[in-house]
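Close look at the chain arrangement
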Amino acid sequence: MVYGPFYATACRVLETRKVLFRDGELSYDYLVLATGAETTHFGHDQWRAWAATLKTIEDGVEMRRRIHFAFEQAEREPAQEERKSLLTFVIGGGGSTSVELASALADLSGQVMRKDFRSIRLRDAQNPAC
Ligand SMILES: Cc1cc2nc3c(=O)[nH]c(=O)nc-3n(C[C@H](O)[C@H](O)[C@H](O)COP(=O)(O)OP(=O)(O)OC[C@H]3O[C@@H](n4cnc5c(N)ncnc54)[C@H](O)[C@@H]3O)c2cc1C
């Protein structure tokens, strides 16, 4: 018999074929553990302080906030070099999510934000991959 789905955080798996939850337990014959993965920085833990991650909706909202904030800062920045630096987005990784993000950034800077900013030339926004 297959149970589920139900929503609870598994805390421990016992050798007696039981999964413990915060508020209960469940016996099983066969157990499939598929808890997903966390963002890895591939040995570059120093990136953690700077790099926005993209695993959850909250991550997406935070990334969007940072991008908009960078554009708004660039709009008010008189020094061209500093403005260029504010409009340089680095995407770490070259998987499908990174490619999607690069294309979304290009759309955002080239199309969506075009009417919102007067001082900056949106074609100056660049996103080198690393
Ligand atoms: C932004 C983004 C875009 C993507 N786009 C695509 C795409 O277009 N095409 C594609 O094929 N793939 C895409 N992927 C990759 C795809 O989402 C993952 O490869 C896939 O979701 C992995 O599946 P999974 O079941 O291993 O893990 P997950 O989908 O991460 O599922 C793991 C589940 O386990 C739960 N869990 C963790 N710990 C516990 C616990 N202790 N107790 C109970 N539950 C727990 C988590 O809450 C989660 O629901 C994308 C990923 C991201 C981040």
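Residues numbered from 1 in each chain as written. Predicted model: local features only at pLDDT ≥ 70, side-chain atom pairs only at ≥ 80, totals over all residues.

1. Some details on the overall build of the protein chain
Applicable threshold: The numbering of helices and of strands both runs from the N terminus, where a helix is a DSSP run of H or I of at least 4 residues and a strand a run of E of at least 2. Between the two quantities, the radius of gyration covers C-alpha atoms and the globule rule is 2.2 Å times the number of residues to the power 0.38. Residues are called buried when their C-beta atom has 20 or more other C-beta atoms within 10 Å, exposed when it has 12 or fewer, and partly exposed otherwise; all C-beta atoms are positioned from the backbone. A pair of residues counts as a contact when their C-beta atoms, built from backbone coordinates, are within 7 Å of each other.
Of the regular secondary structure elements, the protein chain holds three helices and three strands. Along its sequence from the N terminus, the protein chain presents helices and strands in the succession β-β-β-α-α-α. By the compact-globule yardstick of 14 Å for 130 residues, the protein chain is too spread out, its C-alpha radius of gyration being 22 Å. Taken along the three principal axes of its C-alpha coordinates, the protein chain extends 65 × 30 × 25 Å. Out of the 130 residues belonging to the protein chain, those deemed buried represent 5%. Residue pairs at least 24 apart in sequence account for 35% of intrachain contacts in the protein chain once pairs closer than 6 positions are excluded.

2. Topic: the domain arrangement of the protein chain
Quick reminder of the rule: Throughout the structure description, domain borders are defined by an automatic or database domain assignment.
When its domains are assigned, the protein chain resolves into domain 1 (1–36) and domain 2 (45–124). Distance between the C-alpha centres of domain 1 and domain 2: 41 Å.

3. Quick look at the site of the ligand
Defined as follows: Here, nearness is defined through the C-beta atom: a residue counts as near a molecule or strand if that backbone-placed atom lies within 6 Å of it. Ten residue types, Ala, Val, Leu, Ile, Met, Phe, Trp, Tyr, Cys and Pro, are classed as nonpolar, four, Asp, Glu, Lys and Arg, as charged, and the remainder, Gly among them, as polar.
Every residue close to the ligand is listed here: Thr9, Ala10, Ala34, Thr35, Gly36, Leu54, Lys55 and Thr97. Taken together, the residues that form the shell around the ligand break down as three nonpolar, four polar and one charged.

4. Observations concerning the pairing of strand E1 (residues 10–14)
Counted only if it meets this: Following DSSP output, two strands are said to pair if at least two bridges run between them.
For E1, a buried count of zero out of five residues is recorded, marking the element as mostly open to its surroundings. In this structure, E1 lies alongside strand E2 (residues 18–21), joined through four bridges in antiparallel fashion. From the neighbouring strand, Leu14 faces E2, where its bridge partner is Lys18. Counting the residues between successive antiparallel strands, the hairpin from E1 to E2 contains three residues, one of them, Arg17, with a positive phi of roughly 60°.

5. Quick look at the environment of Ser103
Note on placement: Ser103 falls in helix H3 (residues 96–112). In this structure the C-alpha to C-alpha distance between Ser103 and Lys84, which are 19 residues apart in sequence, comes to 19 Å.

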